[in-house]
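Inside the fold
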Amino acid sequence: MDPLSVLRDYTVQGKLDQILRVGDEFRFGSEYAFPCSADTAYRSKQGSLYTLETLLFFVRHHHLKHTDYLQSARSLRLPSVTLPDRKPLLDYLLGHTSSADAIEFLPPSAAAPDVEEYRPDDPSFLPSAAAAAAHQPHLPDAARVPVDRRSVDYMAMIRTLERPLKDREALLQCRNRDFYGVLVASTRREEERQRLESQQRKDGLVAKTRLIGTDDRAGGDDLDGAAPKPKMHLKGSKIGEGVPIILVPSASQTLITIYNVKEFLEDGVFVPTDVKMKAMRGVRPDCVTVQKKLSRERAVAAYEVRDKPSTLKPEDWDRVVAVFVLGKEWQFKDWPFKDHVEIFNKIIGFFVRFEDDSVESAKTVKQWNVKIISISKFKRHQDRAAALEVWDRLEEFIRSRSHA
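Description of the structure in this document.

The rules we used
- Residues numbered from 1 in each chain as written.
- Predicted model: local features only at pLDDT ≥ 70, side-chain atom pairs only at ≥ 80, totals over all residues.
- Heavy atoms only, no water.
- Helix = DSSP H or I, 4+ residues; strand = E, 2+ residues; numbered from the N terminus.
- Buried < 20%, exposed > 50% of the residue type's maximum accessible area, 1.4 Å probe, protein only.
- Contact = heavy atoms within 4.5 Å.
- Areas by Shrake-Rupley, 256 points an atom, 1.4 Å probe, with all protein chains shown as cover.
- Salt bridge = Lys/Arg side-chain N within 4 Å of Asp/Glu carboxyl O.
- Pairing = 2+ DSSP bridges.
- Axes fitted to C-alpha atoms, helices over the stretch in contact; angles between N-to-C directions.
- Parallel < 35°, antiparallel > 145°, perpendicular 65-115°, else oblique.
- Nonpolar A, V, L, I, M, F, W, Y, C, P; charged D, E, K, R; others polar.
- Core = buried A, V, L, I, M, F, W, Y, C linked by side-chain atoms within 4.5 Å.
- Phe/Tyr/Trp six-rings, centres within 6.5 Å; stacked < 30°, edge-to-face > 60°.
- Lys NZ or Arg CZ within 6 Å of the ring centre and 35° of its normal.
- Arc of directions from axis to C-beta.

1. Quick word on the overall build of the protein
Secondary structure summary: the protein contains 13 helices and 13 strands in total. Each of the 404 residues in the protein was classed as buried or not, and the buried ones make up 36%. Pairs at least 24 apart in sequence give 56% of the contacts found in the protein among residues at least 6 apart. Entry remark: accessible area of the protein is about 26,200 Å², with carbon and sulfur atoms responsible for 51%.

2. Details of the side chain of aspartate 91
As for its placement among the helices and strands, aspartate 91 is situated in helix α4 (residues 83–93). Setting aside anything within four residues of it in sequence, one finds aspartate 91 in contact with His96 and Thr97.

3. Points about the pattern of salt bridges
Counted according to the given criterion, the structure contains 16 salt bridges. Salt bridges here are not isolated pairs; linked through shared partners, they connect Glu304, Arg306, Asp316 and Arg319.

4. A few points about unusual backbone geometry
A positive phi is found at arginine 77, a non-glycine position, where the angle reads about 60°. Its identity as a non-glycine residue notwithstanding, aspartate 334 has a phi of 70°, on the positive side. The residue aspartate 334 is located in the loop between β11 (320–324) and α12 (340–346) in this model. What makes aspartate 334 exposed here is its relative accessible area of 72%.

5. What about the sheet that holds β11?
Strand order in this open sheet of 6 strands is β9-β10-β8-β11-β12-β13, and the pairing throughout is mixed. Both edges of this open sheet fall to β9 (288–293) and β13 (370–375), since each of them pairs with a single strand only. Sheet twist, expressed as the average angle between the axes of neighbouring strands with direction ignored, equals 25°.

6. Remarks on the sheet that holds strand β3 (residues 32–35)
Within the open sheet, the 3 strands sit side by side as β1-β2-β3. Their pairing is antiparallel. The two strands at the open ends of the sheet, each matched to only one other strand, are β1 (19–22) and β3. With direction set aside, neighbouring strand axes in the sheet form an average angle of 25°. One ladder, built from 4 bridges, connects β1 with strand β2 (residues 25–28); its direction is antiparallel.

7. Observations regarding the packing of helix α2 (residues 52–60) against α4
The relative placement of two packed helices comes down to the angle between their axes together with the axis-to-axis distance. Following both chains from N to C, one finds α2 and α4 inclined at 85°, their axes separated by 11 Å at the closest point. With respect to each other, α2 and α4 are oriented roughly perpendicular. The segment α2 lies against α4, with Leu55, Phe58 and Val59 engaging Arg86, Leu89, Leu90 and Leu93. Residues of the contact of α2 with α4, tallied by class, amount to 6 nonpolar, no polar and 1 charged.

8. Regarding the pairing of β3
Bridge count for β2 against β3 is 4 bridges, and the pairing is antiparallel. Residue pairing for β3: phenylalanine 26 is matched across the bridge by phenylalanine 34. Between β2 and the antiparallel strand that follows it, β3, lie 3 residues; glycine 29 among them carries a positive phi value of about 60°.

9. Some thoughts on the nonpolar core
Core analysis: the biggest nonpolar cluster contains 31 residues, and Ile246, Phe264, Leu265, Tyr303, Phe324 and Leu394 have the highest contact counts within it. Where this core is concerned, the elements lending two or more residues are α10 (261–267), β9, β10 (300–306), β11, β12 (348–354), β13 and α13 (383–402). The element contributing the most residues to this core is α13, with 7 residues. Core analysis: the second largest hydrophobic core is formed by 30 residues, Leu4, Phe57, Leu90 and Leu93 among them.

10. A word on the packing of aromatic side chains
Applying the stated criterion to the full structure yields 15 aromatic pairs. Between tyrosine 32 and phenylalanine 34, the ring centres sit 6.2 Å apart and the planes meet at 15°, which makes this aromatic pair stacked. With centroids separated by 5.9 Å and ring planes inclined at 85°, the aromatic side chains of tryptophan 317 and phenylalanine 337 adopt a geometry described as edge-to-face. Of this pair, tryptophan 317 sits in the loop between β10 and β11 while phenylalanine 337 sits in the loop between β11 and α12, and the two are 20 residues apart along the sequence. Accessibility expressed as a relative area gives 13% for tryptophan 317, which makes it buried. The exposure class assigned to phenylalanine 337 is buried, which follows from its relative accessible area of 18%. Taken together, Trp317, Phe332, Trp335, Phe337, Phe344 and Trp368 form an aromatic cluster joined through their ring pairs. Just above the ring of tyrosine 92 sits the side chain of arginine 8; from NZ or CZ to the centre is 4.7 Å. Residue placement shows lysine 15 over the ring face of tyrosine 10; its charged tip is 4.5 Å from the ring centre.

11. Here's the deal with helix α3 (residues 66–75)
Restricting attention to buried positions, one finds in α3 the residues His66, Asp68, Tyr69, Ser72 and Ala73. All buried residues of α3 project into a common sector of 160° when viewed along the axis, lining one side. In α3, those exposed residues whose orientation departs by more than 90 degrees from the buried face are Thr67, Arg74 and Ser75. In this structure, the buried side of α3 is in contact with α2 and α4. Looking one or two places after α3, you find arginine 77, whose phi comes out positive at around 60°.

Structure (structure tokens):
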């Protein structure tokens, strides 16, 4: 079967995650295997055939802008799909169209002229004399009889050529491997998650937060667990009791939104907003909870993340501790502060940008008392350092204000 057809079937069925690279070939589940550099039947407008490796990388990254996709392919030294071929190729791979003018499937005779194709569903197919002779090796030439196609057991012919490698029992045998520890760890993690969710529902809050300064613990830990509630001040303004609030822009053109803030702050991974929106099927959450283990305490701090400041009550503003800024003046319209100086004295601000963005994108933000956080467009392993910088800045800000 042509690798282009197999790739299209797996794309339409949503099974791209089952395509694995093993050595110099791609394995499509347990059904097919093709060399990575195998030519497909799709010919580019430049005249060459696209390889399987090129098309697989393209369909896995088609959600990127074409310039971003080209940079990603170039960084991996992979040939890229040209812009004129992008739309018709993607429509074909996603199943929107059944064919394309650029597809040039070769007939079986042209693809392998010396190999006779096995077609058990074709009643006109008659095994070659060589195949018939192979079925009667112990008979002399005079004693061999013609093979009747109606009596040929094609499955038996196939099985004679099979070479068994492993059965299912052999595959499950892993020497010097013990997965019991993995099972125990995953079970404990699930139990802890369920316990936290149960506690959150019981409290009637999204999460329970305890922010205690180092000086507040000078008298020692309270053995009965009833620690006094901390009283914290920001420039004379009291932080309201309850879960602190982090505000994010509601605009989709910003990097951090209500959709991807949880993955960024909790897991240290930046996921583009459009990807998260598709995964959530357009459902927009009103509030998201993110948790952070306090660096100096055995406690977990939880924060409510919201993107609609207009829904906050006056007492809710006392709980706002941070804001991710868009870099536009209108973001702060109708906020209960007189100017930016007052805002960023009482609330710490963050501006997240791509490290290779132009200086103009942060021109307005540089006039504010805001921390600029830079992330890479492609190096996702660097996201964690950026997220940790946000947490460190936020914890330092809260500690400094708690003693003000």
